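Geometric and topological summary
This is what each chain is made of:
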Amino acid sequence: MTAATEELMHPPVLHRKRKRKSTAGSVAAQMFMIVAVVLWLTPIVFALYVALRPIAETNKLGYVSLPHHLTFENFIQAWKQSQMWHFFLNSALITIPSVLVTLLLASSFAFVVSRLRFRFNIPLLILFTAGNLLPQQVLITPLYRLYLAIHLPTAITGSGLLYNSELGLIVINTAFQLGFCVFVLSNYMKTLPVEIDEAAIMDGATIWNRFWHLTMPLCRPALAALATLLTTWIYNDFFWAITLISTGSKRPITSALANLQGQFVSNQNMIAAAAMMAAIPTLIVYLVLQKQFIAGLALGSSKG
Amino acid sequence: MSRRDRVTIALMLGIPLLLEATFIWFPAIATIGLSFTKWTGVGSVHMKACSSTPSVPGIPQPGCLYGVENYHQVFTNYPDFWPAVEHNAIWLAVFILIATPLGMLFAVIIDRGIKGSRIYQSILFLPVMLSLALIGIIWELIYSPNYGLINTVIGRNQDSNLIDWLGNPHLNLWALLVEASWRQAGYVMVLYLAGLKSVDPTLREAALVDGATGVQTFWRVVFPAMRPINIVVLVVTVIESLRAFDLVYITSGGNPLHGLELLSVAVTQNIVGETQRIGFGSTLGVVLLVISLVPISIFLYQAFRREESHE
């Protein structure tokens, strides 16, 4: 792990005092950043503003006008009319198992290739890392046929196929994210001292004990950062859900937004309200775990 | 090593490997094989040339070997292909020439620790957390012809003088690129913030002591020292430009929209709907695969070169 990631994993020291004080430069930098921040916030604040206003009012005055009423009615109606809780539930049922299984499989694989002497370490790591970089659209045509060809008991998937099932989305999200997590975790595990294993080997500990009881607790910072990234990425996934789920009601919230757009086509205020609600889980991650998220990105890019 | 340990290792390696092989590499390789076939998805693919299996009206033709005919059609006879290539290239160019430098500039300013940098960082980073589908929806309010923010502010919101930002084929790609860059710049910023912190501060100080200006120090000392991050950013930029899909899908409502043809959208259009063209869609997938192998190779070379030399 580089110094950069080290710094990101622990309380970061952002405000390094610089001796040089170029006043003109600082003023220009401040102006530039203020303009940028205003531009960056505008779309989000504007969407929130539209969502808070009754459609009758905006139809008369347009969106760019002073408010007479601000109300949560659009949120309530969007929630009720589209049964949004159902889509949130789908998202949870897909995201949570995907994240947990991905982390378990990726860390066990990373443990073997980074902590044990194994001949095919590098080719295996390359296979996983490259797999994560492929554009999804390279895979989709054969994958779509594969999903239609894999039959499963209806008790497991409902559709009787991997296609159009929540299990199918868990499988592809897991498989697709494995590569990145294996790459990050194997780099992380390589930095752990060899000594932690030596005592355990002397005591005759099993491989599983060395993995689960010795290595995994030391990987907590990396696992926390990856869990944050994965939760956001899988929750935000649009492509797999649009192509591999054909029944609208089975889709998770992010891809269901496309359908809601059609359902509320004459009421942009309600679409805005639905979109704002769909953002809530990621906004919670953003507010509470922003540091973890950034640490995860830093871990992914620190190798080299 | 005990028998139990061997079984443990086999499972720890085997299960992830099986998933990766079945759902990632098998489709990636199958896409190459299918690109030489003609298949509507009905029946299975027969190992016979299409010319020897004449199609009977009313009975769907099973899959057959089509040689390089799909490639021929893609390059010469598919109206969406060259516009899609051009649009993907524009997408990449805007990411490299606008979103990346902007993100880098944000990172450099924030890294200098100016007043309020923590708040600036949080705000500029916010779009990275949002899904592209959601970004597409909230920007529609900005671009909406009659009520949208831009047209109202510039006074082009009357039916006689509307600007249709998302419908006009000369404008819509650029409108979407503003949305995409709005997110991408924050992403690049975070990567460069990590990169800037990894640069040995004594390098920078030495350059300043030698009388270099801040700008010279950045381009001659700091930027080259960030080589690993530069490569990561380059790879992320190219791959993200090839993957571009969600914004277009949301904006066009899932239908083809003139001006927004992209390779990723073209691939998907051939597997949805009544008439599936599995072979043809796979051919477009191979084109994407070949292009994406360039950044992937660059990244793998940089990430694993050092370890190979250690062995």
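Thresholds applied
Residues numbered from 1 in each chain as written. Chains lettered and ligands numbered in written order. Predicted model: local features only at pLDDT ≥ 70, side-chain atom pairs only at ≥ 80, totals over all residues. Contact = placed C-beta atoms within 7 Å. Helix = DSSP H or I, 4+ residues; strand = E, 2+ residues; numbered from the N terminus. Nonpolar A, V, L, I, M, F, W, Y, C, P; charged D, E, K, R; others polar. Buried ≥ 20, exposed ≤ 12 C-beta atoms within 10 Å, placed from the backbone. Axes fitted to C-alpha atoms, helices over the stretch in contact; angles between N-to-C directions. Parallel < 35°, antiparallel > 145°, perpendicular 65-115°, else oblique. Left-handed = near helix turned anticlockwise from the far one by under 90°. Pairing = 2+ DSSP bridges. Core = buried A, V, L, I, M, F, W, Y, C linked by C-beta atoms within 7 Å. Domains from an automatic or database assignment.

**Concerning the interface of chain B and chain A**
On the chain A side, the residues contacting the 85 residues of chain B number 92 residues. At 18 residues, the largest contribution of residues to the side of chain B that touches chain A is made by helix 1 (residues 3-34) of chain B. Per-class residue counts for the side of chain B that touches chain A are 56 nonpolar, 19 polar and 10 charged.

**Some details on unusual backbone geometry**
Residues and elements named next belong to chain A. Phi at Gln83 takes a positive value of approximately 50 degrees, unusual for a residue other than glycine. Among the secondary structure elements, Gln83 is positioned in the loop between helix 4 (73-81) and helix 5 (84-115). In this structure Gln83 comes out as exposed when scored by C-beta crowding, with 12 C-beta atoms within 10 Å. The phi dihedral of Asn164 falls on the positive side, at around 60 degrees, and the residue is not glycine. Within the element layout of this structure, Asn164 appears in the loop between helix 8 (154-157) and helix 9 (166-190).

**Quick look at the packing of helix 5 (residues 132-143) of chain B against helix 7 (residues 172-198) of chain B**
Residues and elements named next belong to chain B. Where helix 5 contacts helix 7, the two axes come as close as 11 Å, and the packing angle between them is 130 degrees. One finds that helix 5 runs oblique with respect to helix 7. As for how helix 5 packs across helix 7, the hand of that crossing is right-handed. Two secondary-structure elements touch here, helix 5 through Ile135, Gly136, Trp139 and Tyr143 and helix 7 through Ala175, Glu179 and Arg183. Here the residues of the contact of helix 5 with helix 7 sort into four nonpolar, one polar and two charged.

**Some thoughts on the sheet that holds strand 2 (residues 45-49) of chain B**
All names here are of chain B. Strands sit in the order 1-3-2 across an open sheet of three strands; the sheet is mixed. Edge positions in the open sheet fall to strand 1 (37-38) and strand 2, since each of these has one partner strand only. Of the pairings in the sheet, the one linking strand 2 to strand 3 (residues 63-65) comprises two bridges and is parallel in character. Note on strand 3: the bridge partner recorded for Val45 is Gly63.

**Points about the nonpolar core**
Grouped together as the largest cluster of nonpolar side chains are 175 residues, with contacts concentrated most on Leu257(A) and Ala275(A). Sort the elements by how many residues they give to this core and helix 7 of chain B lands first, with 16 residues. For this core, the domains that each give at least three residues are domain 1 (21-74) and domain 2 (78-269) of chain B. In contact with Ala275(A), not counting residues within four places along its chain, are Ala47(A), Leu257(A), Leu134(B), Ile137(B) and Ile138(B).

**Considering the domain arrangement of chain B**
Per the domain assignment, the segments of chain B are domain 1 (21-74) and domain 2 (78-269). Placing a centre on the C-alpha atoms of domain 1 of chain B and another on those of domain 2 of chain B gives a separation of 38 Å.

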